[in-house]
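Residues per chain are reported as follows:
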Amino acid sequence: MRTRNIPLAWSLLIHDKVRFVWSIAGVSFAVLLMFVEMGFLNGVFDSETLIIKAFNADILMVSRLKDDCYTRQPFPRSRIRQAMALGGVEAVYPIYMEWLPLKVMANSRIQMVALFAFNTLDPVLLIPELNQYGAALKRPGTMLMDYTARKYSYGEVRAGMKMELRGRGLDVVGTFPLFANYSTDGHVIMDDANLLALWPDGKERLNRINYVDFGLIRLKPGFEPDAAIAALRATLPSDVSFLTKQEMIERVEEMWRRSQPVVEVFGLGMLIGFVIGIIICYQILFTGIEDLRAEFATIKAMGYTNPYLVKVVLQKGFYLALLSFVPGLTASVFVYSLLQSTTGIMMRFTPVRIGSVFLLTLGMCMISAILAVRKVLKSDPAEVF
Amino acid sequence: MESIERRMTDGPVEPTVRIRSLNHWFGRGENKKQVLYDVNLDLVPGEIVIMTGPSGSGKTTLLTLVGGLRSVQEGSAAVMGEDLSKLDTAGMVRLRRRIGFIFQAHNLFNSLTACQNVKMSLELHDHSAAERERRAVDVLERVGLGKRIHYKPQSLSGGQRQRVAIARAIVNRPMLILADEPTAALDKDSGRDVIDLLQGLAREERCTILLVTHDNRILDAADRIVNMVDGSIVSNVAVKQSIEICEFLSKCPVFLNNPPATLTEIAQKMTIERYAAGSVIMRQGDIGDKFFILRKGKLDVLVRKDGIEEQVATLQRGEFFGEIALLESRGRTATVRALEDSEVYALAKQDFLLALERSESFRKQLLDVLFKRQ
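Residues numbered from 1 in each chain as written. Chains lettered and ligands numbered in written order. Predicted model: local features only at pLDDT ≥ 70, side-chain atom pairs only at ≥ 80, totals over all residues. Heavy atoms only, no water.

**Student:** Please explain the sheet that holds strand S15 (residues 308-315) of chain B as it appears in this structure.
**Tutor:** Hydrogen bonds between backbone atoms are what pair the strands of a sheet, whose relative direction is either parallel or antiparallel. Residues and elements named next belong to chain B. Spatially, the four strands line up as an open sheet ordered S12-S17-S14-S15, and their pairing is antiparallel. Two strands close off the open sheet at either side, each with one partner strand: strand S12 (280-282) and S15. Averaged over all pairs of adjacent strands, the angle between their axes in this sheet comes to 30°, without regard to strand direction. As judged from the four bridges shared by strand S14 (residues 299-305) and strand S17 (residues 335-338), these two strands associate in the antiparallel manner. Bridge pairing in S17 links Asp 300 to Arg 337. (Pairing = 2+ DSSP bridges. Helix = DSSP H or I, 4+ residues; strand = E, 2+ residues; numbered from the N terminus. Axes fitted to C-alpha atoms, helices over the stretch in contact; angles between N-to-C directions.)

**Student:** What exactly am I supposed to notice about the sheet that holds strand S2 (residues 33-43) of chain B here?
**Tutor:** All names here are of chain B. Read across the sheet, four strands follow the order S2-S1-S4-S5 without closing on themselves; strand pairing throughout is antiparallel. Of all the strands in the sheet, just S2 and strand S5 (82-83) have a single pairing partner and so form its edges. As paired strands, strand S1 (residues 17-26) and strand S4 (residues 74-79) are joined by five bridges and run antiparallel to one another. When the sheet's bridge partners are listed, Asn 23 is paired in S4 with Glu 74. Where helix H2 (residues 59-66) meets the sheet, it contacts S1, S2 and S4, and its direction lies at approximately 120° from that of S1. (Contact = heavy atoms within 4.5 Å.)

**Student:** For this particular structure, what's the right way to read a negative patch on the surface?
**Tutor:** All names here are of chain A. Together, Glu 224, Asp 226, Glu 247 and Glu 250 make up a region of like negative charge exposed at the surface. With respect to the secondary-structure elements, Asp 226 resides in helix H7 (residues 225-235). Residue Asp 226 is classed as exposed on the basis of its relative accessible area, which comes to 62%. (Patch = residues over 30% accessible without salt bridge, like charges linked within 9 Å, V, L, I, M, F, W, Y side chains within 5 Å. Areas by Shrake-Rupley, 256 points an atom, 1.4 Å probe, with all protein chains shown as cover. Salt bridge = Lys/Arg side-chain N within 4 Å of Asp/Glu carboxyl O. Lys, Arg positive; Asp, Glu negative; His and termini not counted. Charge placed at Lys NZ, Arg CZ, Asp CG, Glu CD. Buried < 20%, exposed > 50% of the residue type's maximum accessible area, 1.4 Å probe, protein only.)

**Student:** Would you take a moment to explain helix H2 (residues 17-54) of chain A for this structure?
**Tutor:** An α-helical turn contains 3.6 residues, so a residue and the one three or four places further along point in the same direction. Along its length, H2(A) shows its largest kink, about 35°, at A:Glu48. The buried fraction of H2(A) is high, at 29 of 38 residues. (Bend = angle between axes of the 7 residues up to and from the residue.)

**Student:** Would you explain the packing of aromatic side chains in this entry?
**Tutor:** The geometry of an aromatic ring pair comes down to the distance between the two centres and the angle between the two planes. Under the criterion given, the structure shown has 20 aromatic pairs over all chains. With a centroid separation of 5.5 Å and 75° between ring planes, the pair formed by A:Phe35 and A:Phe349 is classed as edge-to-face. In this pair, A:Phe35 is assigned in helix H2 and A:Phe349 in the loop between helix H11 (306-343) and helix H12 (351-378), connecting sequence segments 314 residues apart. A relative accessible area of 0% places A:Phe35 in the buried class. Through pairs of rings, three or more aromatic residues link up here, namely A:Phe35, A:Phe325, A:Tyr336, A:Phe349 and A:Phe358. Between A:Arg257 and the ring centre of A:Phe45, over which it is positioned, the NZ or CZ distance is 4.9 Å. Note that B:Arg148 overlies the ring of B:Tyr151, its terminal NZ or CZ placed 5.3 Å from the centroid. (Phe/Tyr/Trp six-rings, centres within 6.5 Å; stacked < 30°, edge-to-face > 60°. Lys NZ or Arg CZ within 6 Å of the ring centre and 35° of its normal.)

**Student:** I'm lost on the interface of chain B and chain A in this one. Help?
**Tutor:** How big an interface is tends to be stated in terms of accessible area lost as the parts join. Contacts between the two partners involve 31 residues from chain B and, on the opposite side, 28 residues from chain A. Summed over both sides, the interface of chain B with chain A buries roughly 2700 Å², with 62% coming from carbon and sulfur. Per-residue buried area on chain B facing chain A is highest for B:Phe109, B:Met120 and B:Glu123; these three make up 24% of the total on that side. Linking chain B with chain A are zero salt bridges. For the interface between chain B and chain A, the tally reads nine residue pairs in polar contact (both at pLDDT 80 or more). At four residues, the largest contribution of residues to the side of chain B that touches chain A is made by helix H4 (residues 114-122) of chain B. Taken together, the residues that form the side of chain B that touches chain A break down as 12 nonpolar, nine polar and 10 charged. (Buried area = accessible area lost by both parts, 1.4 Å probe. Polar contact = N/O pair within 3.5 Å; in protein donor to acceptor, adjacent residues only side chain to side chain. Nonpolar A, V, L, I, M, F, W, Y, C, P; charged D, E, K, R; others polar.)

Structure representation (structure tokens):
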């Protein structure tokens with residue numbers, strides 16, 4: 001096997017330092033663009049399903065019609081007791097969900113807010129900050145507020161603030177983090193007794209008490225969710241569905257995909273980033289070939305064949321992808337945290353997302369290389385003379 | 001040179017390049033244009049052949065055909081024992097790897113060092129990394145760049161870059177080197193260095209060097225000079241002969257005081273013609289198309305007047321004739337016949353007139369001579 005050690009592709013890439021830096025900057029920009037658009041897209045799904053991930057449950061019981069955590073779709077509270085009766089079920093935590101205008105007394109702003117209410121002594125949400133407030137929230141007129149809630153809706157949220165719901169004053173006894181999203185600008189958590197206290201009497205109060213939005217089912221050790229779900233379905237009326245958290249997340253994501261053009265909008269954004277990347281990368285590779293026409297034709301005359309030249313161009317594209325990805329990712333880390341703090345939308349990296357943008361970057365540069373390489377194939381060594 | 005001659009007396013030398021009846025066309029259909037006409041050429045080992053001729057004369061096309069960069073269309077061309085018309089693409093590539101190519105521009109990769117550029121050539125063949133390193137360093141030392149092995153082309157002078165390009169072309173010890181204007185971009189001294197280098201190679205490695213050039217400064221390096229015009233080889237002169245012609249020309253009163261460059265140029269355009277005893281070289285009354293110098297033998301000059309042919313002169317070696325008809329565009333004023341087996345150098349009318357136009361003194365002198373003759 002003939003070995004070739006001259007790093008031609010690498011040397012061609014880095015030879016002109018200024019051009020090299022601009023090349024990397026150009027492709028990095030496309031990488032950043034793809035990351036940001038992907039961040040927005042995932043931000044929708046991530047932030048809309050964050051509450052589900054926080055549910056301390058093996059199985060979720062929701063209304064048959066429920067496909068969104070932020071739309072009220074209650075079911076009879078009696079289902080909670082029915083589920084509890086099933087062997088293998090350790091606990092079922094009911095959650096009330098409510099949309100109410102919240103008045104911030106400090107600045108008199110009034111803005112709709114999403115409320116989640118449950119027995120605060122139960123470990124209902126897997127948010128560590130909540131543990132310390134269980135007892136405090138049992139006091140009448142208390143609530144917790146999400147400190148990452150959008151400032152332009154509520155102003156700065158701090159413990160000790162006074163709020164008003166349905167004309168009743170409440171004290172913010174503490175804060176917790178749960179990102180705002182496209183459904184709500186902020187979250188409020190309170191004890192279910194305090195929520196129901198907002199409807200002191202009458203038919204409405206009864207209605208509120210008897211209908212809940214979520215039932216969080218905890219299984220005893222050794223019981224499989226799949227079997228339990230089958231048993232619950234067999235026993236309980238069909239007005240409720242039983243889902244794992246993952247199934248609920250998928251259901252919500254599916255609803256968003258179906259009802260909102262998020263994939264189209266941000267997907268198009270990613271595509272634009274991808275195409276810009278191809279154009280930039282193609283420009284770099286094409287000029288590289290164009291400037292070295294005589295040199296390439298010369299080595300072709302000497303006896304180098306097209307496969308070698310193709311390899312050089314593809315390699316150059318590969319190095320370009322590799323070297324541009326790192327600064328592109330680094331810039332994205334900064335831009336994500338900037339966007340998260342200004343828009344309140346969750347921007348998260350996961351290995352899969354980083355991996356897919358890397359593959360897109362690689363694909364981008366390879367497509368450019370394949371487009372540019374045609375130029376090299378056409379070069380005729382007889383033209384050097 | 002000695003070794004070559006010794007080998008040549010040993011027996012017939014297999015030419016490195018043998019071209020027979022080569023015709024070549026560019027374009028297709030109505031735009032089809034013939035660029036080479038019945039080209040025949042042999043290049044033997046150790047020979048430096050310089051190919052000259054105006055641009056568009058087909059030299060470059062011939063060079064690319066010999067180099068396996070174009071496919072032969074008609075005729076035959078054998079290079080280093082390979083019949084080019086029978087080679088497929090892969091065969092052509094294999095052949096090209098055995099040829100050293102040198103171009104007018106050095107065409108080195110600016111991103112690679114001199115050593116790496118040379119290794120580009122070595123990596124076409126099976127060598128260990130250590131062997132490559134050794135050979136690359138050796139060849140760069142040989143071209144006088146031992147101290148600049150790791151320089152990139154941009155930090156080398158024009159002459160040094162061309163020497164790197166030559167090192168790249170010769171590092172695989174090719175038996176055939178094809179060079180296109182290798183000195184055109186160089187100053188006089190650098191050009192000289194390059195030529196000395198090539199001459200050394202031809203001598204020591206016995207490789208054949210085919211050199212296309214317009215550079216008169218390097219003609220003296222040639223063992224043979226091939227002149228092409230309009231796709232045909234119009235002269236293929238061993239330089240020894242060329243020098244002889246120049247000597248004759250410089251002895252002719254007409255060419256006295258002409259710069260050697262002009263003489264060389266004229267000499268290159270002259271071809272040898274052989275005439276057996278008794279045959280007629282030119283006939284009185286015919287339209288003149290050539291100017292002659294007698295190379296070998298004896299010629300009679302005969303003038304027919306009133307039906308009687310009379311011998312007016314006998315021409316000796318080095319004497320010239322045939323110019324009047326060309327100059328005055330009329331019929332030959334005399335008949336010239338070979339007294340014995342003779343050889344003449346002939347110059348076509350077109351070239352003769354061109355030479356005249358070029359040199360005012362030449363024209364003046366010629367008119368003087370004619371005036372004296374009358």
